[in-house]
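Survey of secondary and tertiary structure
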Amino acid sequence: MSNTERGENRRREIDEILERKPGTEAVTDLADRYRVVGAADRGTYANWLTPVEEHYVCHRNGTLDPAAEEWTVELGGALEREAELGMAAIRDEYPTVAVAHTMECAGNGRGYFEPETGSVQWEYGAVSTAFWTGTPLRSVLADHGATTDDTWLTAVGGDRPEVDGENDRFARSIPMEKVLEDCILAYEVNGEPLPPEHGHPVRLLVPGWYGVNSVKWVTELRVTETMVHGEAWTDRDGEDYTRWQQSSYRIHPEGVDPESNATISTFDTWDQLESDEIDHPYTFDENVKSTIGSPEAGATLSSDEGPIEVVGVAWAGDDAVTTVEVSTDGGESWAEGECFGPDYDCAWRLFRYEWEPTPGTHRLVSRATDERGRRQPVRIVGPDEDAADAYPWNEGGYAENACLPHAIEVTVE
Ligand SMILES: Nc1nc2c(c(=O)[nH]1)N[C@H]1C(S)=C(S)[C@@H](COP(=O)(O)O)O[C@H]1N2
Ligand SMILES: [Mo]
């Protein structure tokens, strides 16, 4: 396929997604393999549930849209009993659960990095919260006698690059501890069958972890002692299954090619950043972060009708948010906001703050703290800077959670 044809295919696919999802917009896409749409405006972040029409989409290869009756998931590796699971078995032979999950692309906020990194220049729009219905992996694995001590579950997507010379498969390895805790094979989102672009007919769903872990169009699950690593996975019938775990989606300085690890024992992304065990963290659970949803950036407001309510969302992966502060002077001073609304593990909290403004232009910012006392840093620092209370620039533009880049300006009359 030529470059032009490929570009046209991608453009067509994005247009089709946009037609089905009127609350999203295409994000400037310089990297030629991404299909991405994000929340069209900040209003998405003034609501707890993200309608599918506003839920962001991100993947590398063309969307698959197979018939559910024909789809199978191959279950193998360290199990007493290997299996080919059809959709009927996945749906009907195990308990059904629904989990709330705030899905955030590890590249959300990448657009704020200076100097600019490669890839999709997301600002704030690649995070959404939905209810995902499916089958607990714990039940499926127990039923097949899986070895669960210190193992990993590797999930493989059915999508393949249509780019000549590219042989990567989309695979992610999830530590068994997390798999058994709350991961599901999801076949519905917000009570509807998965739309093709969200992984129809079935995807892995890893609550509270960066979106990259939730493999769409799952075609294979393998219980293994290591993550995808080594020759068995770099050349598995001529295909490389390690790229999206071991090279991409790792947090590292410019020019580094991260070493591939067989296994690791620190999973929390922030713990990895602080640990000596891992040089270049894997993007697993989401860092504490928040976004204002209302008022809209650039709004002109009137102070005549009493206080203005600032509303937004705050999340911390599979940790809980404990405090959200709001600043109306660009981060000079902070006041505590109030969390309200639904409170589920692995999903964001709504927050509100009653603001009595004076006329003029104001910069509004929010800043969240999680149950482990981690607070969003103030800004992102460049590659050679080393400042306290800052998020370090990294080559892939991953896991950004600084608060100031997310500030919005409003005018009060
Ligand atoms: N099979 C497959 N699964 C995938 C991807 C992909 O390229 N292929 N992209 C991942 C990334 S990077 C993200 S952020 C999430 C996005 O999920 P969504 O499109 O349902 O929001 O899907 C993940 N699952
Ligand atoms: Mo992503």
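Definitions and limits used
Residue indices follow the written sequence of each chain, beginning from 1 at its first position. Note on labels: chains are lettered from A, ligands numbered from 1, in written order. The predicted nature of this model means local features are confined to residues of pLDDT at least 70 and side-chain atom pairs, given and counted, to a pLDDT of 80 or more, with totals for whole chains, interfaces and linings taken over all residues. Hydrogens are left out, water is left out, and the side-chain values use all remaining heavy atoms of the structure. Comment: elements are numbered from the N terminus, with helices defined as DSSP H or I runs of at least four residues and strands as E runs of at least two. Taken over C-alpha atoms, the radius of gyration is set against a globule rule of 2.2 Å times the number of residues to the power 0.38. Burial status follows relative accessibility: with a 1.4 Å probe on protein chains alone, a residue under 20% of its type maximum counts as buried, one over 50% as exposed, and anything between as partly exposed. The contact definition used throughout considers only heavy atoms, calling two residues in contact when any of these lie within 4.5 Å. To be clear on the numbers: accessible area is Shrake-Rupley with a 1.4 Å probe, and residue cover counts the displayed protein chains and nothing else. Proximity is defined per residue: any heavy atom of the residue falling within 4 Å of a molecule or strand makes that residue near it. Identification of polar contacts relies on pairs of N or O atoms within 3.5 Å, with a donor-acceptor requirement for protein atoms, meaning one able to donate a hydrogen and the other able to accept it, and with residues adjacent in sequence counted only if both atoms are side-chain atoms. By salt bridge we mean one thing: a side-chain nitrogen of Lys or Arg within 4 Å of a carboxyl oxygen of Asp or Glu. Here, strands pair whenever DSSP counts at least two bridges between them. Only the contacting stretch of a helix is used when fitting its axis, a line to C-alpha atoms as for every element, and angles between N-to-C directions run 0 to 180 degrees. What we call a nonpolar core is a set of buried Ala, Val, Leu, Ile, Met, Phe, Trp, Tyr and Cys residues that are connected through their side-chain atoms within 4.5 Å. Points on a 1 Å grid, built from protein atoms alone, make a cavity when a 1.4 Å probe fits but cannot get out and make a pocket when they are open with protein on both sides within 12 Å along at least 5 of 7 lines; residues with an atom within 4 Å of a point are the lining residues. Grid points are joined across faces, edges and corners, and a volume is the space filled by probe spheres set on the points. Nonpolar residues are Ala, Val, Leu, Ile, Met, Phe, Trp, Tyr, Cys and Pro. Charged residues are Asp, Glu, Lys and Arg, and all others, Gly as well, are polar. Centre distance within 6.5 Å is the pairing criterion for rings of Phe, Tyr and Trp, where only the six-membered ring of Trp is used; planes under 30 degrees apart are then read as stacked, over 60 as edge-to-face, and the remainder as tilted. We count a charge as sitting over a ring when the NZ of a lysine or the CZ of an arginine lies within 6 Å of the ring centre and within 35 degrees of the ring normal. Each helix should span, by expectation, one fewer than its residue count multiplied by 1.5 Å. Note that the arc is defined by the directions from the helix axis to the C-beta atoms.

Re the overall build of the protein
Of the regular secondary structure elements, the protein holds seven helices and 24 strands. The C-alpha atoms of the protein give 21 Å as radius of gyration, which agrees with the globular expectation for 413 residues (22 Å, within 12%). For the protein, buried positions account for 59% of its 413 residues. Partitioning the intrachain contacts of the protein with sequence separation of at least 6 by distance along the chain shows that 70% fall at a separation of at least 24. When the accessible surface of the protein is totalled, it reaches about 16500 Å², and 42% of it is carbon and sulfur.

Observations regarding the site of ligand 1
The local shell around ligand 1 holds 21 residues, among which Tyr56, Asp159, His198, Arg203 and Lys216 are the closest. With respect to ligand 1, the backbone of Tyr56 contributes an N or O atom lying 2.8 Å from an oxygen atom. Between Asp159 and ligand 1, the recorded distance is 2.8 Å, taken from a side-chain N or O atom to a nitrogen atom. Protein contact buries 100% of the 530 Å² of open area that ligand 1 shows by itself.

A closer look at the pattern of salt bridges
When the charged atoms of two side chains lie near each other, side chains of opposite charge can form a pair. As enumerated under the stated definition, the model contains 24 salt bridges in all. Linking Arg11 and Asp15 is a salt bridge whose minimum nitrogen-to-oxygen distance equals 2.8 Å. Here Arg11 and its partner Asp15 are both found in helix 1 (residues 3-20), four residues apart, which amounts to about one turn of the helix. Given a relative accessible area of 35%, Asp15 falls into the partly exposed group.

Details of the sheet that holds strand 20 (residues 349-355)
On the basis of which strands lie adjacent, the open sheet formed by four strands has the order 14-16-20-19 and antiparallel pairing. Lying at the two open borders of the sheet, with one neighbouring strand each, are strand 14 (289-294) and strand 19 (338-340). Direction aside, the axes of adjacent strands within the sheet are offset by 35° on average.

Points about the nonpolar core
One finds Trp122, Trp132, Leu141, Leu204 and Leu221 to be the most contacted residues of the largest nonpolar core, which totals 86 residues. For this core, the leading source of residues is strand 10 (residues 184-189), giving five residues. Formed by 19 residues, the second largest nonpolar core is a distinct cluster that contains Ala299, Val310, Leu364 and Ile408.

Regarding the side chain of Thr129
Looking at where Thr129 falls in the secondary structure, it is placed in strand 7 (residues 127-136). Polar side-chain contacts of Thr129 include one of 2.6 Å to the side chain of Thr102. Here the side chain of Thr129 touches Trp348 through a polar contact of 3.3 Å, side chain to side chain. With residues up to four places along the chain from it excluded, the contact list for Thr129 reads Trp48, Leu49, Thr50, His101, Thr102, Ala347 and Trp348.

Overview of empty space enclosed by the protein
Under the counting rule described, the total for this entry stands at one cavity of 30 Å³ or more. Of the pockets and cavities examined, the largest cavity occupies roughly 270 Å³. Cys58, His59, Arg203, Gly211 and Lys216 are the residues nearest the centre of the largest cavity, which is lined by 22 residues in total. The element that contributes the greatest number of residues to the lining of the largest cavity is strand 3 (residues 57-59), accounting for three residues. Classifying every residue of the lining of the largest cavity by side-chain character gives 11 nonpolar, six polar and five charged.

Structural notes on the packing of aromatic side chains
Throughout the structure, instances matching the rule amount to 17 aromatic pairs. Measuring from centroid to centroid gives 5.9 Å for Phe170 and Trp244, while their planes differ by 25°, and the two rings are stacked. Taken as a pair, Phe170 in the loop between strand 8 (152-157) and strand 9 (171-175) and Trp244 in helix 6 (residues 243-247) lie far apart in primary sequence, 74 residues in all. Accessibility classification places Phe170 together with Trp244 in one group, the buried group. Aromatic pair Trp270 and Tyr391: ring centres 6.3 Å apart, planes at 40°, arrangement tilted. Placement of the pair is Trp270 in helix 7 (residues 269-274) and Tyr391 in strand 23 (residues 390-392), with a sequence separation of 121 residues. What links up through ring pairs into an aromatic cluster is the set Trp152, Trp209, Phe267, Tyr282 and Phe284. Here the basic side chain of Arg250 rests over the ring of Tyr282, its NZ or CZ set 4.0 Å away from the ring centre. A cation over an aromatic ring shows up here: Arg352 above the ring of Phe340, its NZ or CZ 4.1 Å from the ring centre.

Side note on helix 1
In a regular helix each residue adds 1.5 Å, so 18 residues correspond to 26 Å; helix 1 covers 26 Å between its end C-alpha atoms and thus fits that length. Regarding helix 1, the residues found buried are Arg6, Arg10, Glu13, Ile14 and Ile17. Summarising the axial view, the buried residues of helix 1 lie within an arc of 100°, below the 170-degree limit, and thus occupy one face. Every exposed residue of helix 1 that faces more than 90 degrees away from the buried side is listed here: Thr4 and Glu19.

A closer look at the pairing of strand 14
Burial within strand 14 is extensive, with five of its six residues counted as buried. Pairing geometry for strand 14 and strand 16 (residues 308-315), over five bridges, is antiparallel. Across the sheet, Ser290 pairs through a bridge with Ala314, a residue of strand 16.

It is worth stressing that arrangement in space is one thing and function is another; only the former is reported here.
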